[in-house]
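Understanding the architecture of this molecule
Each chain, letter by letter, is given below.
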Amino acid sequence: MPNKIRKLPDSGDVQVPIGPQHPSLKEPESFLLTLRGEKITAASVRLGYNHRGIEKACEERTYIQDLYLIERVCGICSHAHLTCFVQAVEEIAAIEVPKRAQYIRVVVGELERIHSHLLWLGVAGHEIGFDTLLMYSWRDREIVMDILADLAGNRVHYGVTTYGGVKRDITPEQIKDVLKAVDTLEERTKYYIELAKNEETIIKRLSGVGMLKHDDALRLGAVGPTARAGGVDRDTRRDDPYAAYPEMKFKVVIDDHADVYGRTLVRMGELMEAYSIIRQALTNMPEGVFRVRAPRRIPAGEATGRYEAPRGEDVHYVKSNGSDKPERVKIRAPTLANIQAVTHMLEDRYLADMPIVVAAIDPCFSCTDRLIGIKDLRTDKKQTLDWDNLRLSGIKWYQKRGVDFSRLNEKLKRSFK
Amino acid sequence: MTEEQIKQQIEHQFGYLKDAVVIKRARRLWLDVPMDKFEEVFVYLTEAMPLVRLLTITGMDEGTTFGIIYHLAAESGIILNLRIHIPRENPAIQSMTSKFSCADIYEREIKDLLGIQVLGLPEGRRYPLTDNWPDGEYPLRKDWKGLSTEKKGGTLNAQ
């Protein structure tokens with residue numbers, strides 16, 4: 001992986017590496033962008049910096065230990081990964097999960113989706129310089145985090161799902177609390193939807209950015225809101241139902257904008273659906289036990305499980321060999337399915353769109369070089385500018401268009417003397 | 001198309017796959033094919049049948065062989081797990097990137113972690129191991145015992 005900005009010898013394009021360690025990256029990953037002027041002509045990505053060998057580690061631990069390990073695959077979709085894995089194991093061992101447990105899994109799953117989508121909204125706001133939105137949505141996210149902490153004892157790794165059901169029951173008081181919180185969150189989400197539909201900053205900054213059209217989404221195997229914003233009508237909760245989803249009424253939110261704006265609308269729509277699902281699950285929650293006994297040794301067999309995580313479809317494959325340790329565990333997280341779409345979305349876009357497209361990157365070039373080579377793309381003429389001359393030409397460029405600060409500058413100079 | 005219809009159509013198309021398709025539960029089919037027949041079955045399933053998605057590819061060590069499972073899915077929610085077994089000596093599979101561009105990263109993973117050659121895989125950076133990972137070390141093989149943990153430097157063992 002090259003670690004320097006370099007000029008490609010034949011085309012004169014500039015190759016810029018971003019990551020794996022970069023001030024604006026939330027997690028280590030590495031992008032190599034080829035730029036012609038401001039435009040990205042090619043992008044490639046290198047992952048693996050966070051590879052912890054969890055699949056191998058699962059083979060060496062018992063099913064009980066794996067519960068805790070699998071939950072730590074992700075710090076946000078922890079319930080998604082755990083439930084996906086547990087469902088596969090339950091399929092192999094033919095464990096009949098009680099209805100009440102199925103409902104509780106759905107409630108926690110949807111609360112997790114709310115927490116994840118509100119988090120995303122804040123990050124997206126931050127990446128487009130709309131930090132008020134970050135403050136608002138993360139403030140509201142605290143409501144759902146408190147509810148999760150109340151239900152599960154933890155804010156992030158809930159540890160709710162286990163083989164044969166769930167670890168904790170929901171009390172009538174907790175149901176009341178959740179319903180009250182959901183009402184508040186729904187009110188706030190309506191405001192965000194209003195905001196997304198009318199606020200010009202959001203519409204102008206997100207529209208047409210990070211395009212992923214229907215056919216490209218299918219070809220590149222995109223999943224989740226990324227695909228649904230391009231009109232791909234797919235949702236594992238409806239297509240391959242699990243837990244109590246067959247008994248829930250909800251609609252799959254799709255959109256035809258196919259850009260970051262569309263993805264925002266899809267996520268906001270999914271929030272509204274999540275509130276409705278939680279209300280249905282809590283009001284129709286069946287009575288009865290919330291867990292059945294599961295064997296420590298799982299009979300030999302194999303199963304492929306799917307789960308609609310907040311970021312998209314999660315796939316787990318589990319193979320057992322009759323012992324208390326799995327033979328093979330394979331995890332396909334939604335981001336791995338979406339990563340090819342990211343490079344596609346970046347190509348032929350402006351470098352300035354990268355942060356919001358990747359929603360994790362905020363490159364800083366003003367500190368890299370003080371001497372700037374300029375090539376006019378139309379005439380192929382080359383010239384070299386130092387920092388002061390670049391500034392001067394910038395001032396002239398604006399003066400020609402009627403923006404003139406020279407009088408203000410004079411005034412300021414005088415006042416500093 | 002229902003699970004039963006898919007099973008019948010596969011058996012009708014390929015005589016040698018009689019009773020090879022197993023329906024384990026609703027929406028889950030399993031199919032083992034001989035290695036030399038894999039490509040024609042794969043192409044048929046993904047082009048003539050509604051199995052239009054490749055969810056992921058799982059590779060695993062089975063002792064004398066390696067197992068590769070292609071998890072194919074239909075829009076209706078049906079998953080068909082198509083499996084081949086390849087010999088342990090000079091293991092190699094054909095890249096499916098020409099049919100599914102998303103196969104790229106899954107195949108790189110199999111190549112890195114199990115040491116299975118992927119023929120026809122486009123040039124690109126490895127995934128997921130580090131660039132300086134030693135040759136011939138394949139973590140997902142069952143006989144892999146981990147890299148040496150010999151300590152270099154430090155003062156813990158100094159007398």
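For the structure itself, consult the block above.
Note that the coordinates shown come from a computational prediction; the quantities given were computed from them, not determined experimentally. (Residues numbered from 1 in each chain as written. Chains lettered and ligands numbered in written order. Predicted model: local features only at pLDDT ≥ 70, side-chain atom pairs only at ≥ 80, totals over all residues. Heavy atoms only, no water.)

**What about the sheet that holds strand β4 (residues 39–46) of chain A?**
All names here are of chain A. Ordered in space as β1-β2-β3-β4, the four strands form an open sheet in which the pairing is antiparallel. Each of the sheet's edge strands pairs with one partner strand only, and the pair in question is β1 (6–7) and β4. Helix-sheet contacts for helix α12 (residues 334–346) involve β3 (30–36) and β4, and the interaxial angle to β4 is about 160 degrees. (Pairing = 2+ DSSP bridges. Helix = DSSP H or I, 4+ residues; strand = E, 2+ residues; numbered from the N terminus. Contact = heavy atoms within 4.5 Å. Axes fitted to C-alpha atoms, helices over the stretch in contact; angles between N-to-C directions.)

**What to know about the interface of chain B and chain A**
Counting residues at the interface gives 41 residues for chain B and 39 residues for chain A. Buried area between chain B and chain A, both sides added, is near 3,400 Å², and the carbon and sulfur share of it is 44%. Contact with chain A buries surface across chain B, with R53, R125 and L140 of chain B losing the most and accounting together for 18% of the total. Viewed at the interface, chain A and chain B are joined by 11 salt bridges. For K142 of chain B, the salt bridge identified is with E59 of chain A, shortest N-O distance 3.1 Å. (Buried area = accessible area lost by both parts, 1.4 Å probe. Salt bridge = Lys/Arg side-chain N within 4 Å of Asp/Glu carboxyl O.)

**Side note on the pattern of salt bridges**
Opposite charge on two side chains lets them pair, provided their charged atoms get close. All names here are of chain A. A full pass over the atoms with the stated rule returns 45 salt bridges over all chains. D240 is the salt-bridge partner of R306, the closest N and O atoms lying 3.2 Å from each other. With R306 in strand β7 (residues 301–309) and D240 in the loop between α10 (236–239) and α11 (260–283), this pair connects stretches of sequence that are 66 residues apart. We note that R306, like D240, is buried. (Buried < 20%, exposed > 50% of the residue type's maximum accessible area, 1.4 Å probe, protein only.)

**Here's the deal with the packing of aromatic side chains**
Residues and elements named next belong to chain A. Enumeration according to the criterion identifies 15 aromatic pairs over all chains in this entry. With a centroid separation of 5.1 Å and an interplanar angle of 75 degrees, the aromatic rings of Y242 and Y245 are classed as edge-to-face. The class for Y245 is buried, based on a relative accessible area of 2%. Here a set of aromatic residues connected by ring pairs shows up, and it is made of Y242, Y245, F250 and Y307. (Phe/Tyr/Trp six-rings, centres within 6.5 Å; stacked < 30°, edge-to-face > 60°.)

**Notes on the pairing of strand β4 (residues 65–73) of chain B**
All names here are of chain B. Burial analysis of β4 places eight of its nine residues in the buried class, which makes it a mostly covered element. Here eight bridges tie strand β3 (residues 53–61) to β4, and the two strands are oriented antiparallel to one another. Counted as the bridge partner of R53 is A73 from β4. With antiparallel pairing between neighbouring strands as the criterion, β3 and β4 make up a hairpin whose turn holds three residues, including G63 at a positive phi of roughly 95 degrees.

**Digging into empty space enclosed by the protein**
Tallied over the full model, the rule gives five cavities of 30 Å³ or more. Here the largest cavity is characterised by a volume of approximately 110 Å³. Contributing to the lining of the largest cavity are 15 residues, with R234, D235, T236 and E313 of chain A together with R53 of chain B lying nearest its centre. Among the elements of the structure, α9 (224–228), α10 and β7 of chain A are those that each provide at least two residues to the lining of the largest cavity. Classifying every residue of the lining of the largest cavity by side-chain character gives four nonpolar, two polar and nine charged. (1 Å grid on protein atoms, 1.4 Å probe; cavity = no way out; pocket = protein on both sides within 12 Å on 5 of 7 lines; lining within 4 Å. Points joined across faces, edges and corners; volume = space filled by probe spheres on them. Nonpolar A, V, L, I, M, F, W, Y, C, P; charged D, E, K, R; others polar.)

**As for α12 of chain A**
Residue and element names in this part refer to chain A. Taking 1.5 Å per residue as the helical rise, α12 with its 13 residues ought to reach 18 Å, and the 19 Å between its terminal C-alpha atoms agrees with that figure. Along α12, the sharpest change in direction is near 30 degrees and occurs at Q340. If you check which residues of α12 are buried, you get P334, L336, A337, N338, I339, Q340, A341, V342, T343, M345 and L346. (Expected span 1.5 Å × (residues − 1). Bend = angle between axes of the 7 residues up to and from the residue.)

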